[in-house]
Amino acid sequence: MSYLKFDRTTLSNLDRSLQLEHIRSNRGGAFNCTTLVGCNTRKYHGLLVVPLPHLSRHNHILLSSLDATVIQHGAEFNLGVHLYGDGTVYPNGHKYIREYNIDKMPRTIYRVGGVVLQRESIFCHYKNQVIIKFTLLDSHSETTLRLRPVVAFRDVILLSHENDTADTTVHPVGTTGVRTCLYEGYPDLYMQVDVPSHWVDEGYWIKNLHYPKEQIRGYESCEDLYSPGYFEMDLRNGESVYFTAQLEEVDVTTLPALFDSEVAHRKARVDLRSCLRNACSQFYYKPESNRHYILAGFPWYGVRARDEMVALPGCSIYSDHPERFHNVMSTFIRSSINFIQQIALPLDMEGVRDPDVGLWAIRAIQLFLAEYPDDSHRTFYLDFVGRIIDYYLSDRHPLLRIEPNGLLYAEGSGTPPVTWMDSTIAGQAVVPRRGYLVEVNGLWYNALCFYREARGVGFPKELVSVIERLEPAFEQTFVNPYGYLYDYVTKEGYRERAVRPDMLIAISLPFCPLSRAKQRQVLGIVTSELLTPKGIRSLSPRSEGYVEQCSGLQEQREHAYYNGSAWPWLLGAYTDAYLKINGRSGVTHLARLLGDIQDELQHHGISTLSELYDGNPPYDSHGGISFAMSCAEVLRALVTLERYNSEETPLANYLYYTTSNEERPTR
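Residues numbered from 1 in each chain as written. Predicted model: local features only at pLDDT ≥ 70, side-chain atom pairs only at ≥ 80, totals over all residues. Heavy atoms only, no water.

Undergrad: Outline the side chain of Thr34, listing residues and values.
TA: Counting through the fold element by element, Thr34 comes out in strand β3 (residues 31-35). Thr34 has contacts with Leu20, Glu21, His22, Cys39, Asn40, His45 and Leu47, leaving out every residue within four places of it along the chain. (Helix = DSSP H or I, 4+ residues; strand = E, 2+ residues; numbered from the N terminus. Contact = heavy atoms within 4.5 Å.)

Here you go:
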């Protein structure tokens with residue numbers, strides 16, 4: 001039985017099934033995404049969604065959907081599902097679904113009278129191509145299958161409407177298919193089948209299609225899409241037909257072998273770990289042979305420097321792909337050095353200049369070298385760590401200054417945002433953090449101590465003085481009388497007393513300037529006020545301004561993101577801190593926590609984790625359907641816990657250090 005299996009009870013209930021989405025990407029940044037019943041509920045949904053950088057920085061939907069119709073004895077049974085602006089649902093293909101499961105790929109079983117039809121789909125790894133396989137499993141009489149594609153040719157952030165400029169011409173592609181291109185500048189979309197078929201050139205606009213997810217978010221939610229015609233073919237029991245859509249003509253005789261090859265290279269999703277590894281692989285983005293990235297998430301995010309560095313360990317080391325760490329880190333280091341040298345920044349990566357990005361990169365390198373201490377890249381990485389530290393100490397960063405007490409100080413008003421809490425309303429930061437930032441200085445201290453240990457006798461003496469000044473300054477600046485840490489402190493004397501999770505990051509790191517007793521106090525506050533079954537709240541319910549649900553229009557959601565919403569990615573830091581403070585006695589608590597989040601794999605983005613969740617029950621999901629930091633850090637937490645519990649502790653070398661030498665484990 002499949003780990004991710006859904007029966008007719010769930011699928012026939014649109015209130016439930018339209019909330020369940022599946023996404024698959026390839027290495028080129030293209031993706032395939034829709035609901036389990038094949039009904040598009042977002043403007044981002046589509047079967048072939050590809051990057052076209054000459055048109056815009058967003059992806060573009062070429063093939064929106066493919067409706068299959070079973071014909072027997074002259075009766076037509078359309079298996080598609082579409083929502084319309086007036087509330088109509090037509091066709092009602094979800095009523096014929098008997099089973100949907102995802103093992104290596106999505107598989108849907110339909111029953112129409114005596115006909116049993118199976119639909120399987122593959123999104124190719126290294127090309128912008130979707131292949132959909134239909135197999136007639138059972139039929140007691142002659143059966144005809146009709147396949148009607150619906151095309152969009154638009155940017156994912158826009159909607160289309162019937163117009164006179166669209167070129168609705170359909171051109172034959174040999175005897176196997178057709179090609180079409182609605183608008184100038186777009187590539188041709190080739191659609192082919194591998195069995196003898198008849199193309200019926202019956203095109204029309206499907207009007208007023210409705211996307212309820214966009215309506216909920218306060219955006220325009222209805223559009224018109226064009227269907228250029230349909231393929232029709234006869235099928236006998238046991239026969240299959242392969243439909244393919246891509247940007248060039250293909251040899252259809254190769255489709256069965258290509259389909260089987262793609263399936264063979266996929267690993268089954270049978271538990272939490274395999275699902276998260278699979279999800280992490282989806283973020284790996286290789287637009288060119290020498291450019292490798294981690295996408296921030298789907299369906300609307302591109303490459304964001306901070307997200308990439310936080311997610312990189314989970315998307316490489318803990319996904320058993322260490323080579324991806326080298327590929328991505330090499331690209332990142334080139335971009336960072338260009339920034340340091342004030343050379344033009346890459347257009348395909350956002351946020352390289354954010355002040356904490358270099359510190360997150362050092363943390364990623366620290367995790368890598370804990371796993372692979374003798375790796376051939378060690379010297380290269382440590383030289384980069386030294387270069388980043390020198391850059392911060394030189395006071396050349398436009399947003400960050402080194403103070404005489406050794407702490408880093410974020411200049412400005414906090415607008416634009418300079419940390420991971422980056423939501424804005426009308427250009428103003430929702431949480432205008434500035435000054436001494438607790439997690440930035442926690443990362444800074446950790447970076448210096450890690451570099452000192454890694455360099456050994458080669459560690460610069462001037463940095464010893466920085467560490468010695470920083471240790472007491474951190475405690476004096478951030479520790480308050482209430483058992484937790486101020487979120488940020490300004491030179492003017494303002495101390496942010498709101499209970500936020502940034503202090504968790506500071507105490508979770510291998511090197512922390514606080515005593516174990518103070519770390520335990522902070523962890524206790526985080527556990528009692530910020531921990532939820534889906535992640536760590538961005539603000540305590542006991543703090544002023546707490547928002548329990550992330551809902552409403554864009555402005556309301558932006559306000560909720562960092563004022564109460566729960567973030568799964570922070571469970572990585574929570575796991576580190578909890579094991580660090582509680583040792584083996586913390587294993588049961590963490591195992592139950594990860595068990596709770598495992599349920600989410602079947603509740604929204606199937607086999608993946610969303611960007612964030614409500615801070616209060618029922619903890620509904622919001623934001624990106626599949627978010628790299630969420631998947632990567634929860635996977636890292638899971639692997640860390642499994643290793644700790646089984647006493648396989650290579651990671652423990654960097655997990656349990658504090659200021660006190662007496663508290664360090666023996667090597």
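After that view, the rundown keeps rolling.
Undergrad: Break down empty space enclosed by the protein for me, with residues and values.
TA: In total, this model carries seven cavities of 30 Å³ or more according to the counting rule given. Considering only enclosed or pocket space, the largest cavity measures out at about 350 Å³ in volume. If you trace the largest cavity, you find 27 residues lining it, with Thr34, Thr35, Gly38, Leu47 and Arg119 closest to the centre. Listed by contribution, the elements that provide at least two residues to the lining of the largest cavity are β3, β5 (59-72), β9 (97-102), β10 (106-112) and β11 (115-123). When its residues are assigned to classes, the lining of the largest cavity shows 13 nonpolar, eleven polar and three charged. Roughly 130 Å³ of volume is contained in the second largest cavity. Lining the second largest cavity are 16 residues, and of these Trp360, Arg363, Ala573, Glu633 and Arg636 lie nearest its centre. Taken together, the elements giving at least two residues each to the lining of the second largest cavity come down to α6 (305-315), α8 (357-371), α12 (502-508), α15 (570-582) and α17 (628-645). A per-element tally of the lining of the second largest cavity places α8 first, with four residues. Grouping the constituent residues of the lining of the second largest cavity by class yields ten nonpolar, two polar and four charged. (1 Å grid on protein atoms, 1.4 Å probe; cavity = no way out; pocket = protein on both sides within 12 Å on 5 of 7 lines; lining within 4 Å. Points joined across faces, edges and corners; volume = space filled by probe spheres on them. Nonpolar A, V, L, I, M, F, W, Y, C, P; charged D, E, K, R; others polar.)

Undergrad: How would you sum up the confidence of the model for the protein chain? Please name residues and give values.
TA: Per-residue pLDDT for the protein chain averages 93, and the proportion of residues at 70 or more is 96%. Contacts of residues 648-667 to residues separated by more than four positions or lying in other chains number 56 contacts, the stretch itself having pLDDT below 50. (pLDDT = per-residue confidence, 0-100.)

Undergrad: Go over the pattern of salt bridges, please, and point to the residues and values.
TA: For the coordinates displayed, the defined rule picks out 32 salt bridges. Salt-bridge contacts for Arg154 lead to Glu223; the nearest nitrogen and oxygen are separated by 2.9 Å. A residue pair is termed long-range when its members are at least 10 positions apart, and Arg154 in strand β13 (residues 143-155) and Glu223 in strand β19 (residues 222-227) qualify at 69 residues. No difference in accessibility class separates Arg154 from Glu223, as the two residues are buried. (Salt bridge = Lys/Arg side-chain N within 4 Å of Asp/Glu carboxyl O. Buried < 20%, exposed > 50% of the residue type's maximum accessible area, 1.4 Å probe, protein only.)

Undergrad: Describe the packing of aromatic side chains, naming the residues involved and giving the relevant values.
TA: The tally for this structure, following the rule as stated, stands at 34 aromatic pairs. Judged by centre distance (6.3 Å) and plane angle (45°), the rings of Tyr391 and Tyr392 are tilted. Of the residues examined, Tyr391 reaches a relative accessible area of 5% and is grouped as buried. Note on Tyr451 and Phe459: the rings are 5.8 Å apart at their centroids and 65° apart in plane angle, and the pair reads as edge-to-face. Across this residue pair, the class does not change: Tyr451 and Phe459 are buried. Note that Arg146 overlies the ring of Tyr230, its terminal NZ or CZ placed 4.4 Å from the centroid. (Phe/Tyr/Trp six-rings, centres within 6.5 Å; stacked < 30°, edge-to-face > 60°. Lys NZ or Arg CZ within 6 Å of the ring centre and 35° of its normal.)

Undergrad: Quick rundown of the environment of Arg119? Include the residues and the values.
TA: By the element assignment, Arg119 lies in strand β11. Put simply, Arg119 and Ala311 are 192 residues apart on the chain and 33 Å apart in space, counted from C-alpha to C-alpha. Each residue touching Arg119, except ones within four places of it in the same chain, is listed here: Leu47, Leu66, Pro106, Arg107, Thr108, Tyr110, Ile132, Lys133 and Phe134. Among the polar contacts made by the side chain of Arg119, one reaches the main-chain carbonyl oxygen of Leu66 at a distance of 3.1 Å. (Polar contact = N/O pair within 3.5 Å; in protein donor to acceptor, adjacent residues only side chain to side chain.)

Undergrad: Describe the layout of surface pockets, naming the residues involved and giving the relevant values.
TA: The volume enclosed by the second largest pocket comes to roughly 520 Å³. Along the wall of the second largest pocket there are 23 residues; nearest its centre are Arg27, His125, His265, His321 and Arg324. Tallying contributions element by element places helix α5 (residues 272-282) first for the lining of the second largest pocket, with five residues. Counted by class, the lining of the second largest pocket contains three nonpolar, eleven polar and nine charged residues.

Undergrad: Please set out unusual backbone geometry residue by residue, giving values where relevant.
TA: Each neighbour pair has its own omega, and for Tyr90 with Pro91 the value is -5°, a cis peptide bond. With respect to the helices and strands, the residue Pro91 is situated in strand β8 (residues 89-92). Residue Pro299 is bonded to the preceding Phe298 through a cis peptide linkage, with omega at 10°. The phi dihedral of Ala426 falls on the positive side, at around 55°, and the residue is not glycine. With respect to the secondary-structure elements, Ala426 resides in the loop between β27 (424-425) and β28 (428-429). Backbone geometry places Tyr619, a non-glycine residue, at a positive phi of 60°. Along the polypeptide, Tyr619 turns up in the loop between β34 (612-613) and β35 (621-622).

Undergrad: Please give an account of α6 that cites residues and values.
TA: With respect to burial, α6 is a largely interior element, eleven of its eleven residues being buried. For α6, the set of buried residues is Ala305, Arg306, Asp307, Glu308, Met309, Val310, Ala311, Leu312, Pro313, Gly314 and Cys315. Looking at the buried side of α6, the elements it contacts are α5, β23 (291-294), α7 (322-340), α8, β36 (626-627) and α17.

Undergrad: Kindly report on the state of the cysteines, identifying the contributing residues and their values.
TA: Enumeration over the complete set of coordinates arrives at zero disulfides. Not part of a disulfide, Cys280 finds its nearest cysteine sulfur in Cys315, a span of 4.0 Å. By relative accessible area, which is 1% here, Cys315 ends up buried. (Disulfide = S-S within 2.5 Å.)

Undergrad: Describe the sheet that holds strand β1 (residues 4-7), naming the residues involved and giving the relevant values.
TA: Taken in spatial order, the nine strands of this open sheet run β1-β9-β10-β11-β12-β21-β16-β15-β14, and their pairing is antiparallel. The open sheet is flanked by β1 and β14 (170-173), the only strands paired with a single partner. Taking the axes of each pair of neighbouring strands and ignoring which way they run, one obtains an average angle of 15° across the sheet. Bridge count between strand β12 (residues 129-138) and strand β21 (residues 240-246): seven bridges; the pairing is antiparallel. (Pairing = 2+ DSSP bridges. Axes fitted to C-alpha atoms, helices over the stretch in contact; angles between N-to-C directions.)

Undergrad: Break down the side chain of Ser607 for me, with residues and values.
TA: Locating Ser607 in the fold gives a position in the loop between α16 (587-598) and β34. By relative accessible area, Ser607 is classed as buried at 4%. Among the polar contacts listed, one links the side chain of Ser607 to the side chain of Arg269, at a separation of 3.1 Å.

Undergrad: For the nonpolar core, give the residues involved together with the corresponding values.
TA: Membership of the largest hydrophobic core comes to 213 residues, with the highest contact counts inside it found for Leu63, Leu147, Phe243, Met329, Trp444 and Tyr574. When residues in this core are grouped by element, the largest group, eleven residues, is from helix α10 (residues 438-455). For Trp444, the residues in contact, after removing those within four places along its chain, are Leu359, Ile389, Tyr392, Leu393, Ile402, Gly406, Leu408, Val466 and Leu470. (Core = buried A, V, L, I, M, F, W, Y, C linked by side-chain atoms within 4.5 Å.)

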